[in-house]
Structure formats: structure tokens, C-alpha cells
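Report on the structure
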Amino acid sequence: MLFAPTIHLLLALAGSAVAVANLPTQILYQSPIGLFLENIAVRPSSGKLLLTSVLSPTLHTFDTAAENATLDEVYTFPNATALTGITEYRPDVYAVVASELNVSTISAAPGSIAIWSVDFTSGAPIPKIAARLPRSTLTNGLSTAPGRPDIVLAADSDLGAAYEINMHTGAVRVLIQNAALAPGAPPPALGINGLHPHGGSLYFTNSALNTFGRVPLSGGAPEVLGSLPPAAGSGYDDFTFDAEGRAWVATHPGSVQLFYALKNGTWVQETAAGNVTGSTVFQGPTSAAFGRCGGKEKILYVTTAGGQVIAVDTSSIKN
Ligand SMILES: *[C@@H]1O[C@H](CO)[C@@H](O)[C@H](O)[C@H]1NC(C)=O
Ligand SMILES: *[C@@H]1O[C@H](CO)[C@@H](O)[C@H](O)[C@H]1NC(C)=O
Ligand SMILES: *[C@@H]1O[C@H](CO)[C@@H](O)[C@H](O)[C@H]1NC(C)=O
Ligand SMILES: *[C@@H]1O[C@H](CO)[C@@H](O)[C@H](O)[C@H]1NC(C)=O
Ligand SMILES: *[C@@H]1O[C@H](CO)[C@@H](O)[C@H](O)[C@H]1NC(C)=O
């Protein structure tokens, strides 16, 4: 498949620097109604995407291998208007956040936030409510915890917290709550947005503070690893790690920011695709996930607020 023409420059610097400039992109899908796409999970055996939208209570699937693929409905959650985070916490079993969300205030109706389990292991999806978050007014990104198959981590963008949710018992506890995760301003400002554990730390984005950082899972002070110059509409959203421990961050209004550590431990940020000040390709990147099969393992799928699914070909990046 052809990717949009881009200048493709790769410099192998001494040490482990990556130095990319605008990886090739291809718009795989554009919602005809501009449906705000929020988050992605990639199914293990088919590589199909599961997509959430903050403007719809319906979980959709998208076949990246099909020509002119469309969004197909999987399941519509009751008592909800919006879906935010999604993560695969057991093989082909997903946690999904559903809520009644007011999209002007970006605030969920009190008591409406539920973490659902959607189990695809027997074919047709089997949904059930796993936990409720009655104190939360915005539960955003989800992630898993390495080696703990029933545990899901959830970002509370208003309270500046990361929760640990037991999908088996429904128990919820605050794992970390910290000013580095808080928005520092009333809604619709969003604090912690995406969160993903890696190498003993919980990495996070804070959209309002425009920071990418980490905090030791064993406790300790948060550390800011990168930031964006404040600008209208700018902000880090959700992200994913690649196999080399680099973080690919969907960034409003129009780029994918790449973070990686140099050999001396200093973290570097580069624009991997799009343009940090706004792009003609990306209309508000919201989340990113790598393909999992069919030779798509180096394709980064990015969803956008403008209703796009965009493939970024990262195969030229050296390990
Ligand atoms: C995909 O869309 C293009 C452009 O509309 C069209 O030419 C092509 O036939 C379509 N392919 C399929 C398999 O529908
Ligand atoms: C949805 O809301 C209705 C009315 O409050 C309630 O009876 C029903 O149990 C709710 N369904 C779920 C799955 O929470
Ligand atoms: C969202 O919140 C605003 C401000 O409180 C309110 O005016 C509006 O009616 C709400 N929208 C919905 C759909 O409830
Ligand atoms: C690590 O190396 C980079 C690039 O040479 C340099 O800018 C940075 O200051 C170094 N960091 C430390 C902690 O020495
Ligand atoms: C990003 O966009 C700005 C404003 O249009 C432009 O000045 C700049 O050159 C662009 N940067 C890249 C790397 O294309």
C-alpha cells in the first residue's frame, strides 16, 4: 500500500539516538461524520482494531487489512454515551470504560462510570460490568499491569490519580495520586490521560500540564521526561511503548511525539509523524497502538478526534 509522500530521513547517531523525521503515513479511515475516536486495542490473532469514541456508546471493530474498511459495530453499552480507555487484560478479553459523558464539560454524570469486561474468547463478545468508579468524573486511559492478569490501571484525569482495578473482584484502589497527574485547573482541563507501566515505572501523559513523565511503581517522586511548549489546543494524549522501550505519544493538534532514553539516561523527544503545531494529515491524535500480526508489527495505528484511523510506518526506525 502506498503511503503519503514524505521526506524520509533517518540518521543513525552515535549511541542510541533515533532522530526520525516524518515517518510515512496513510489515512486508512475517515469517519464521514467526524466521529471522535478515542482509543484502540489490537486483537491478538486477527490484528483487527477495537475502537472507542467519546461520542458513542458503541464499541467498533476495524479491519486494517480490508480495502476501504468501515467501522463495524461490536456492542453498545447500556446507560452510556461515551467510551474512553480500552485495554486487553487477558488474551482477547478487554476492559472498556463506559460513562454518560458531557462532552462540553468533559465530565461524566456522577455514578455513571463503569469498567466493563468484554470477552471475545468464545466468538461473540460477552460483556459484563466488572467495577464502578462512583467518585470519578473522568476515567480516561486504561492499561494492564505486567504479571497481574486481572489488574487494570485507570487514569482519573480530574482527580489526578491512577487506580488499580481488580477485574475479577471489582475492587478499586488508588495506586498513585499526585499533583503531577492532576490538571491544575477545573474541567474541561484534563490531567493524566494515558498511563502505561514499563520497567518498574508508571509512565503517563498529563494533557493540561503538557508533560510526559513517570513515577516509580514502588512509590517515589514523579519525574517529568518531556514537555510541550504551551499552545492553543496542544496536548499529549494516550501512547504506547514499542519493543525497544520507546514511547509513541499521540499529540494534539497534529503529531506523534517519540520519546526514548539515550544511553546516559537522558530522555529525548522528537516529532515522529505530523507536525507539532498542526498537520494536514492528523486531526487531533488521541491514541496509538502497534499492529500485532500479518507483518504489521511496525505499523503504528493512530486514532484522531477528527474520526481518522491513520497508519504510521515505523519500519525504518533502527532498534
Ligand atoms: C475502494 O474505494 C475506491 C475509491 O472509491 C474504489 O475505487 C475501490 O473499488 C474500492 N475497493 C473496494 C474493494 O471496494
Ligand atoms: C441502566 O439504568 C437502568 C435505570 O437506572 C437500570 O435499571 C439498569 O440496571 C442499568 N443497567 C446497567 C447495565 O447498569
Ligand atoms: C453539559 O454541561 C453544560 C454545562 O453544565 C450544560 O449546559 C449542558 O446542558 C450539558 N449537556 C448535556 C448533554 O447534559
Ligand atoms: C546525555 O547525553 C546528551 C547528548 O549528548 C546530553 O545532551 C545530556 O546532557 C546527557 N545527560 C547527562 C545526564 O549527562
Ligand atoms: C510545522 O508547521 C509550521 C507551521 O505551518 C511550519 O512552519 C513548520 O515548518 C512545520 N514543521 C515541519 C517539520 O514540517
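Worth saying up front: this structure is predicted, and the values here are computed from it rather than measured.

Things to note about the site of ligand 4
In the vicinity of ligand 4, the contacting residues are Leu-262, Asn-264 and Thr-266. Contact distances for ligand 4 include 2.3 Å between an oxygen atom and a side-chain N or O atom of Asn-264. Contact between ligand 4 and Thr-266: a nitrogen atom at 2.7 Å from a side-chain N or O atom of the residue. Protein contacts shield 29% of the accessible area of ligand 4, which totals 360 Å² for the unbound molecule.

Here we look at the nonpolar core
By size, the foremost hydrophobic cluster in this structure holds 22 residues, and its most contacted members are Ala-95, Ile-115, Ile-165 and Met-167. Secondary-structure elements contributing two or more residues to this core are β8 (82–90), β9 (93–99), β13 (126–132), β15 (148–156) and β16 (161–166). Among residues more than four places away in sequence, those in contact with Met-167 are Tyr-89, Ala-95, Ile-115, Trp-116, Ser-117, Ala-130, Asp-150 and Val-152. Leu-35, Leu-37, Ile-299 and Ala-311 belong to the second largest nonpolar core, which has 16 residues in total.

Brief notes about the sheet that holds strand β5 (residues 49–53)
Spatial strand order, β4-β5-β6-β7: four strands in an open sheet with antiparallel pairing. Of all strands in the sheet, those with a lone pairing partner are β4 (37–42) and β7 (72–76), marking the two edges. Across this sheet, the average inter-strand angle for adjacent strands is 30°, counted without regard to direction.

A few points about the pattern of salt bridges
Going through the model one piece at a time under the given rule, you end up with eight salt bridges. Across the pair Arg-90 and Asp-150 runs a salt bridge, and its minimum N-O distance is 3.0 Å. Residue Arg-90 is located in strand β8, and its partner Asp-150 is located in strand β15; the two are separated by 60 residues in the primary sequence. Note that Arg-246 and Glu-244 form a salt bridge whose closest N and O atoms lie 3.3 Å from each other.

Topic: the sheet that holds strand β19 (residues 201–206)
With antiparallel pairing, four strands are arranged side by side in an open sheet as β18-β19-β20-β21. Looking at which strands have only one partner, the edges of the open sheet turn out to be β18 (192–198) and β21 (223–227). Strand after strand, the sheet turns through a mean of 20° between neighbouring axes, direction not considered.

Description of the confidence of the model for the protein
For the protein, the average pLDDT comes to 93, and 93% of its residues sit at 70 or higher. Below pLDDT 50 for its whole length, residues 1–16 participates in 37 contacts with residues either more than four positions away or in separate chains.

Rules behind the numbers
- Residues numbered from 1 in each chain as written.
- Chains lettered and ligands numbered in written order.
- Predicted model: local features only at pLDDT ≥ 70, side-chain atom pairs only at ≥ 80, totals over all residues.
- Heavy atoms only, no water.
- Near = heavy atom within 4 Å.
- Polar contact = N/O pair within 3.5 Å; in protein donor to acceptor, adjacent residues only side chain to side chain.
- Areas by Shrake-Rupley, 256 points an atom, 1.4 Å probe, with all protein chains shown as cover.
- Core = buried A, V, L, I, M, F, W, Y, C linked by side-chain atoms within 4.5 Å.
- Buried < 20%, exposed > 50% of the residue type's maximum accessible area, 1.4 Å probe, protein only.
- Helix = DSSP H or I, 4+ residues; strand = E, 2+ residues; numbered from the N terminus.
- Contact = heavy atoms within 4.5 Å.
- Pairing = 2+ DSSP bridges.
- Axes fitted to C-alpha atoms, helices over the stretch in contact; angles between N-to-C directions.
- Salt bridge = Lys/Arg side-chain N within 4 Å of Asp/Glu carboxyl O.
- pLDDT = per-residue confidence, 0-100.

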